[in-house]
Amino acid sequence: MEVQQAVAIQHYSQRKACSSAAADGTAHLETYQRDLTPLTADECDIVREALLVVAPFHQATVELSEERRVSGSKVIPMMKMLYCALERNSLHLHTQAATHLHDQLGRRVTDTASNLESLSVLTLSTLLDPRFKTLGFRSSSKCSEAVNRLKVECAAVIARTTSEPQPGPSSEQSPVPENLWQRLDEEVGRQTNNATADSIIEVQRYLAERSIPRSEDPLTYWGNRRTSYPNLFHLALQFLCTPASSVPCERVFSKAGEMV
């Protein structure tokens, strides 16, 4: 009798679960007349472990689909965290089906992360986010390539700034006697005004700083470091505005359609 009651309760629970997951509200599965085969203990273990495997992906999807704070600088570090979560959860998997799901997702995350760590717009935004910098990368070689790319971009900003025409002396002004040390001072100025060297120094000083906590606002950081890293500040304004996904934009279209 107790066994029959337990089976009846499991049937009811499965019907309610299927009903809440039904895509069409007019065709509830709980009205289906045939009995649902109850899940076995092994199948329950598979479901429990499968939920453990996919839980980090659900969290990542929800976080990247927010209306705010969806900068593209978060994508590469999140892929790294997904890989770490898979490695951590693998210690609690015992069923073959859940292990197979874990292995397939692990390979997919590895391939996707490798591709993302080669995209300039995402790698530069990750480096320019003071919460992540080089800590967000899983591949050390990809991280080194991204740092070199950041130095090149910084040198380009410096070169554009120094190449802007400076106002020359007016022809109406009377000639001023040349300073005794003027020629040497000009040569020293040309030697130190090297865009590549200046960019390397600025990037290294920035990366050597301790990363800020993830809860802080990176824009506030750059507002306070505008004079310390003027060229990287310009790049931060350019790359940190990259969205992580198109979900907020898609929501706008959906809301507009509902209003119409």
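Residues numbered from 1 in each chain as written. Predicted model: local features only at pLDDT ≥ 70, side-chain atom pairs only at ≥ 80, totals over all residues. Heavy atoms only, no water.

(A) Up close: the overall build of the chain. Counting its secondary structure elements, the chain contains 11 helices and 0 strands. When the helices and strands of the chain are listed from N to C terminus, the series reads α-α-α-α-α-α-α-α-α-α-α. Relative to its 260 residues, the chain shows a buried fraction of 30%. Across the chain, the fraction of contacts at a sequence separation of at least 24, relative to all contacts at a separation of at least 6, is 71%. (Helix = DSSP H or I, 4+ residues; strand = E, 2+ residues; numbered from the N terminus. Buried < 20%, exposed > 50% of the residue type's maximum accessible area, 1.4 Å probe, protein only. Contact = heavy atoms within 4.5 Å.)

(B) Just unusual backbone geometry, in detail. A positive phi angle is found at K133, which is not glycine, with a value near 50°. Locating K133 in the fold gives a position in the loop between helix 5 (120-127) and helix 6 (140-162). Residue K133 is classed as buried on the basis of its relative accessible area of 2%.

(C) Region of the structure containing helix 10 (residues 230-239). Among all positions in helix 10, only N231, L232, F233, L235, A236 and F239 are buried. Buried-residue contacts for helix 10 involve helix 5, helix 6, helix 8 (195-208) and helix 9 (218-224).

(D) Representation of helix 6 in the model. Over its 23 residues, helix 6 runs 33 Å from end to end, which matches the ideal 33 Å to within 8%, given 1.5 Å per residue. Against helix 4 (96-116), helix 5, helix 8 and helix 10 lie the buried residues of helix 6. (Expected span 1.5 Å × (residues − 1).)

(E) Geometry of the pattern of salt bridges. With the rule as written, the count across this model stands at 5 salt bridges. Note that D129 and R131 form a salt bridge whose closest N and O atoms lie 2.7 Å from each other. Of the two residues, D129 and R131, both sit in the buried class. Bridged by salt links that share partners, the residues D45, R48 and E49 form one connected network. (Salt bridge = Lys/Arg side-chain N within 4 Å of Asp/Glu carboxyl O.)

(F) Highlighting the nonpolar core. If you look at the biggest cluster of nonpolar residues, it comprises 38 residues, and the most contacted ones within it are L128, L150, W222, L232 and L235. Elements with a minimum of two residues in this core: helix 2 (41-64), helix 3 (75-89), helix 4, helix 5, helix 6, helix 8, helix 9 and helix 10. At 7 residues, the largest contribution of residues to this core is made by helix 6. Apart from the residues lying within four places of it in its own chain, the contact partners of L232 are L128, L150, C154, E202, V203, Y206 and W222. (Core = buried A, V, L, I, M, F, W, Y, C linked by side-chain atoms within 4.5 Å.)

(G) Quick look at the confidence of the model for the chain. A residue-level look at the chain finds 79% of positions with pLDDT of 70 or above and a mean pLDDT of 82. By mean pLDDT, the top-scoring element of the chain is helix 5 (94), and the lowest-scoring one is helix 1 (residues 2-20) (53). (pLDDT = per-residue confidence, 0-100.)

(H) Region of interest: the side chain of S73. Within the secondary structure layout, S73 lies in the loop between helix 2 and helix 3. Since its relative accessible area comes to 1%, S73 is described here as buried. Within the local environment of S73, its side chain forms a polar contact with the side chain of D129, the two groups lying 2.6 Å apart. Contact partners of S73, with chain neighbours within four places excluded, come to S125, T126, D129, R131, F132 and L240. (Polar contact = N/O pair within 3.5 Å; in protein donor to acceptor, adjacent residues only side chain to side chain.)

(I) Main features of the packing of helix 2 against helix 4. With their axes 8 Å apart at the nearest point, helix 2 and helix 4 run at an angle of 15° to one another. Classed by the angle they form, the pair helix 2 and helix 4 counts as roughly parallel. The chirality of how helix 2 crosses helix 4 is right-handed. Contacts between helix 2 and helix 4 pair I46, E49, A50, V53, V54 and F57 from the former with A97, A98, L101, H102, L105 and V109 from the latter. The residue makeup of the contact of helix 2 with helix 4, split by class, is 10 nonpolar, 1 polar and 1 charged. (Axes fitted to C-alpha atoms, helices over the stretch in contact; angles between N-to-C directions. Parallel < 35°, antiparallel > 145°, perpendicular 65-115°, else oblique. Left-handed = near helix turned anticlockwise from the far one by under 90°. Nonpolar A, V, L, I, M, F, W, Y, C, P; charged D, E, K, R; others polar.)

(J) Seen up close, the environment of P77. Tracing the backbone shows P77 in helix 3. On a C-alpha basis, the gap between P77 and T123 in space is 10.0 Å, while along the polypeptide they are 46 residues apart. In contact with P77, not counting residues within four places along its chain, are T126, F132 and G136.

(K) Representation of the packing of helix 3 against helix 4. For the pair helix 3 and helix 4, interaxial distance at closest approach is 10 Å and the crossing angle is 155°. Considered as vectors, helix 3 and helix 4 are oriented roughly antiparallel to each other. Crossing handedness for the pair helix 3 and helix 4: left-handed. Mapping the contact onto sequence places V75, I76, M79, L82, Y83, L86 and E87 in helix 3 and H102, L105, G106, V109, T110, T112, A113 and L116 in helix 4. Residues that form the contact of helix 3 with helix 4 fall into these classes: 10 nonpolar, 4 polar and 1 charged.

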